[in-house]
Amino acid sequence: MNAVQPGTLDMLVFAAHPDDAEIGMGGTIVKHAQAGRSVGIVDLTYAEMSSNGNVETRQREAEQAGQILGLAARDNLGLPDRGLSGNSEQLAAMVASIRKYRPRIVFAPYIIDRHPDHIACSRLAEEAVFNAKLRKYAPELPAWTVDQLYFYFINDAHTPQLLIDISDVQETKMAALRAYRSQFTPEGNEADWVETPLTGAYLDNIVARDRLLGQPRKLQYAEGFIAKGPIALERF
């Protein structure tokens with residue numbers, strides 16, 4: 001899935017863990033991929049601290065989910081789960097991803113979230129977008145200026161600045177999420193898995209949130225975003 005040539009992504013999504021991007025903006029990814037836009041996800045960690053599943057299983061699930069979404073590329077930086085400190089090495093890795101793919105738009109988790117890794121990913125992404133345009137920062141890779149940075153919601157719903165109607169692709173989004181069976185519908189003996197916030201009605205809650213976000217604009221389902229800076233819609 002990551003065979004796409006560098007410099008060819010329209011949209012690059014940063015996620016702390018595999019499944020974060022699918023939760024927050026899976027429908028938007030599908031919609032733009034179906035419209036011929038090239039979309040990629042860069043997961044920061046392998047989610048090795050997750051209570052259920054393991055790295056190998058999660059990677060297989062991420063690959064399957066990416067195929068459902070229609071991703072042009074998916075990378076994993078292999079940063080430590082629950083260890084996103086924001087140090088210079090982690091920042092440099094994210095800047096390198098932006099300069100590798102040279103996306104027009106970058107997405108990252110919203111800064112307000114119950115999971116510390118999502119918050120850290122948000123902060124790192126904002127710094128990486130800024131540093132990516134500095135030609136004297138890591139000059140071995142050509143600088144790249146991103147047109148727009150958007151933040152998506154994972155665990156909570158906030159008041160969005162921008163809504164994307166995903167009514168016609170909601171089921172595809174949910175199919176991508178269901179690919180993460182180890183997280184949402186674990187199987188096996190009780191010794192093999194434990195109950196977490198994800199193993200209850202989490203998928204149902206995502207559907208309900210997408211419906212709630214769409215309600216003010218009379219959309220069946222929508223995903224919400226907050227922008228860094230003014231929004232220019234003519235090229236979205």
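Residues numbered from 1 in each chain as written. Predicted model: local features only at pLDDT ≥ 70, side-chain atom pairs only at ≥ 80, totals over all residues. Heavy atoms only, no water.

Enquirer: Just to check I follow, could you spell out the environment of Leu91 for this structure?
Expert: Along the chain, the position of Leu91 falls in helix α3 (residues 88–101). Residue Leu91 is classed as buried on the basis of its relative accessible area, which comes to 8%. Separated by 101 residues in the primary sequence, Leu91 and Asp192 have C-alpha atoms spaced 35 Å apart. (Helix = DSSP H or I, 4+ residues; strand = E, 2+ residues; numbered from the N terminus. Buried < 20%, exposed > 50% of the residue type's maximum accessible area, 1.4 Å probe, protein only.)

Enquirer: Whenever I open this one, the sheet that holds strand β2 (residues 39–45) confuses me. Can you help?
Expert: Backbone hydrogen bonds hold the strands of a sheet together, and the pairing may be parallel or antiparallel. Read across the sheet, seven strands follow the order β3-β2-β1-β4-β5-β7-β6 without closing on themselves; strand pairing throughout is mixed. Since the sheet does not close on itself, it has two edges, and those belong to β3 (73–79) and β6 (162–165), each with one partner. Across this sheet, the average inter-strand angle for adjacent strands is 25 degrees, counted without regard to direction. Here β2 runs beside β3; their pairing, made up of five bridges, is parallel. Counterpart to Asp43 in the pairing with β3 is Asn76. Running over the sheet, α3 touches β1 (11–15), β2 and β3 and is turned about 165 degrees from β3. Its contacts with the sheet place helix α4 (residues 116–132) against β1, β2, β4 (105–109), β5 (148–152) and β7 (222–228), and it is angled at close to 155 degrees to β4. (Pairing = 2+ DSSP bridges. Axes fitted to C-alpha atoms, helices over the stretch in contact; angles between N-to-C directions. Contact = heavy atoms within 4.5 Å.)

Enquirer: In this structure, what is going on with the pairing of β3? I would like to understand it.
Expert: Regular strands show a simple pattern: their side chains alternate between the two faces of the sheet. Burial of β3 is extensive: five of the seven residues sit out of reach of the surface. Handedness of the β2-helix α2 (residues 55–69)-β3 crossover: right-handed. (Right-handed = clockwise from strand over helix to strand, strands pointing away.)

Enquirer: Help me understand the nonpolar core, please; the structure alone is not making it clear to me.
Expert: As a rule of thumb, soluble globular proteins bury nonpolar side chains together. Core analysis: the largest hydrophobic core is formed by 37 residues, its most contacted members being Val13, Ile29, Phe107, Tyr152, Phe184 and Phe225. Examining the composition of this core, we find that five residues originate from one element, helix α1 (residues 20–34), more than from any other. Setting aside residues no more than four positions away along its own chain, Val13 makes contact with Ala21, Met25, Ile29, Val39, Gly40, Ile41, Val42, Phe107 and Tyr152. (Core = buried A, V, L, I, M, F, W, Y, C linked by side-chain atoms within 4.5 Å.)

Enquirer: Looking at this model, I keep getting lost on the pattern of salt bridges. Mind explaining?
Expert: It is possible for side chains of opposite charge to pair when their charged atoms get near one another. Per the stated rule, a full pass over the model turns up nine salt bridges. Measuring nitrogen to oxygen at the nearest pair gives 2.8 Å for the salt bridge that ties Arg74 to Asp43. With a gap of 31 residues between them, Arg74 in strand β3 and Asp43 in strand β2 connect regions that are remote in the sequence. Take Arg74 and Asp43: they sit in the same class, and that class is buried. The partner of Lys173 in a salt bridge is Asp210, and the shortest N-O contact between them spans 2.8 Å. Separated by 37 residues along the polypeptide, Lys173 in helix α5 (residues 170–178) and Asp210 in helix α7 (residues 202–214) bring together distant segments of the chain. Of the two residues examined, Lys173 and Asp210, each falls in the buried class. Sharing partners across several salt bridges, the network here consists of Glu22, Asp43 and Arg74. (Salt bridge = Lys/Arg side-chain N within 4 Å of Asp/Glu carboxyl O.)

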